[in-house]
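So you can see what is in the structure, the chains are spelled out below.
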Amino acid sequence: MNIEGTYTLQALPEDVWKSLMNRRILRHAIPGLEQLEVQDQNIYTVAMHIERAPLKGSYSGRITVSDQDYPYQYRISIEGEGQRGPISGECIVRLDGYDENTVVVYKGTLTFGKPDTVLSTPLVKGAIKLLLQQFFLSLADQLRASRPAVAYRAEARHPLPLTKQPLAHSRTHSASTDQNTRLHAIVRQLHLGGGDPLAEEQWVHSLRRVGITAALLFLVWIGTRLPRR
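Model, not experiment: these values are computed from the prediction. (Residues numbered from 1 in each chain as written. Predicted model: local features only at pLDDT ≥ 70, side-chain atom pairs only at ≥ 80, totals over all residues. Heavy atoms only, no water.)

## Topic: the overall build of the protein chain
Next, step 1: When its secondary structure is counted, the protein chain shows five helices and seven strands.
Next, step 2: Starting at the N terminus and walking to the C terminus, you meet the elements of the protein chain as β-α-α-β-β-β-β-β-β-α-α-α.
Next, step 3: Out of the 229 residues in the protein chain, the part that is buried amounts to 31%.
Next, step 4: The contacts of the protein chain with a sequence gap of at least 6 include a subset with a gap of at least 24, amounting to 49%.
Next, step 5: Accessible area of the protein chain: about 15500 Å², with a carbon and sulfur share of 57%. (Helix = DSSP H or I, 4+ residues; strand = E, 2+ residues; numbered from the N terminus. Buried < 20%, exposed > 50% of the residue type's maximum accessible area, 1.4 Å probe, protein only. Contact = heavy atoms within 4.5 Å. Areas by Shrake-Rupley, 256 points an atom, 1.4 Å probe, with all protein chains shown as cover.)

And the structure:
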């Protein structure tokens, strides 16, 4: 069966990547995880117990992380065993940065159970979706808790020199941030994203592109109205 979806995290791709590769963070974030140990480089042994039907039961196996392209993309391969038989799967995880947010895009396939096992695909996908939502919510909480400390260390390591050029850049960045904030407010007031952070972010980028296009068309229209010499 195909498994795919997206989730937006309020952190930079580099920070999200480090969290996804951190065993301590994963132990707290993965629902029902009982064991996560390093077997070899980029290969982990895992054991977990899921309480949600129709996947309820104990599972164990091996996870391999490969094709790493920091901090944008990597591949996960799963081989394991459960109460309904063998499990196998493969998934591509991509991290797309937008401003100071990261959209995690995952897409892959999952096969489990004996050939004669009959499971409802919609119910299985629904259970997996809820487990992934729990995982990302926990990951978001841990990223949010660590963000102030990360920002402080970055500031201490790279102090800004007191020159006119960085100040001008700061004003430009501030103006861009203010514009993004106004666009986000407009999107939320008009309920364009339906409360989905990813959809709202896409609407913000669409409005920004529309604004730029409208400004260019206005300049062209002004040019056609100027008297020719």
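Back to the write-up after that little detour.
## A few points about the sheet that holds strand S1 (residues 2–9)
Next, step 1: Reading across the sheet, the seven strands line up as S1-S7-S6-S5-S4-S3-S2 and stay open at both edges, with antiparallel pairing between neighbours. With one partner strand each, in any of the chains shown, S1 and strand S2 (33–40) form the two edges of the open sheet. Across the sheet, the mean angle separating the axes of adjacent strands is 20 degrees when strand polarity is ignored.
Next, step 2: Examined bridge by bridge, strand S3 (residues 43–50) and strand S4 (residues 57–69) share eight bridges and lie antiparallel to one another. Its bridge partner lying in S4, Val46 is registered against Gly61.
Next, step 3: Here helix H1 (residues 13–20) sits on the sheet in contact with S1, S4, strand S5 (73–82), strand S6 (85–98) and strand S7 (101–112), set at roughly 160 degrees to S6. (Pairing = 2+ DSSP bridges. Axes fitted to C-alpha atoms, helices over the stretch in contact; angles between N-to-C directions.)

## Overview of the pattern of salt bridges
Next, step 1: Taken as a whole and assessed by the stated rule, the structure comprises seven salt bridges.
Next, step 2: For Arg144, the salt bridge identified is with Asp141, shortest N-O distance 2.9 Å. Placement of the pair is Arg144 and Asp141 together in helix H3 (residues 121–157), with a separation of three residues, close to one helical turn.
Next, step 3: Residues participating in the shared-partner salt-bridge network are Arg23, Arg27 and Glu37. (Salt bridge = Lys/Arg side-chain N within 4 Å of Asp/Glu carboxyl O.)

## Quick look at the environment of Arg62
Next, step 1: You can see Arg62 is positioned in strand S4.
Next, step 2: We classify Arg62 as partly exposed; its relative accessible area is 33%.
Next, step 3: Placed 19 residues apart in sequence, Arg62 and Ile43 show a C-alpha to C-alpha distance of 7.0 Å.
Next, step 4: Residues within four places of Arg62 in sequence aside, it is in contact with Gln39, Ile43, Tyr44, Val46, Ser77, Ile78 and Glu79.

## Some points on H1
Next, step 1: Within H1 the residues assigned to the buried category are Pro13, Val16, Trp17, Ser19 and Leu20. Buried residues of H1, seen end-on, are gathered within an arc of 165 degrees and therefore sit on one face of the element. (Arc of directions from axis to C-beta.)

## So, empty space enclosed by the protein
Next, step 1: Within the structure shown, the criterion is met by two cavities of 30 Å³ or more.
Next, step 2: In this model, the largest cavity occupies a volume close to 1200 Å³.
Next, step 3: As for the largest cavity, its lining consists of 41 residues, of which Ile30, Ile63, Ile76, Ile78 and Leu132 are closest to the centre.
Next, step 4: For the lining of the largest cavity, the secondary-structure elements that each account for two or more residues are helix H2 (23–29), S2, S3, S4, S5, S6, S7 and H3.
Next, step 5: Classifying every residue of the lining of the largest cavity by side-chain character gives 31 nonpolar, six polar and four charged. (1 Å grid on protein atoms, 1.4 Å probe; cavity = no way out; pocket = protein on both sides within 12 Å on 5 of 7 lines; lining within 4 Å. Points joined across faces, edges and corners; volume = space filled by probe spheres on them. Nonpolar A, V, L, I, M, F, W, Y, C, P; charged D, E, K, R; others polar.)

So yeah, pure geometry; function would need other evidence.
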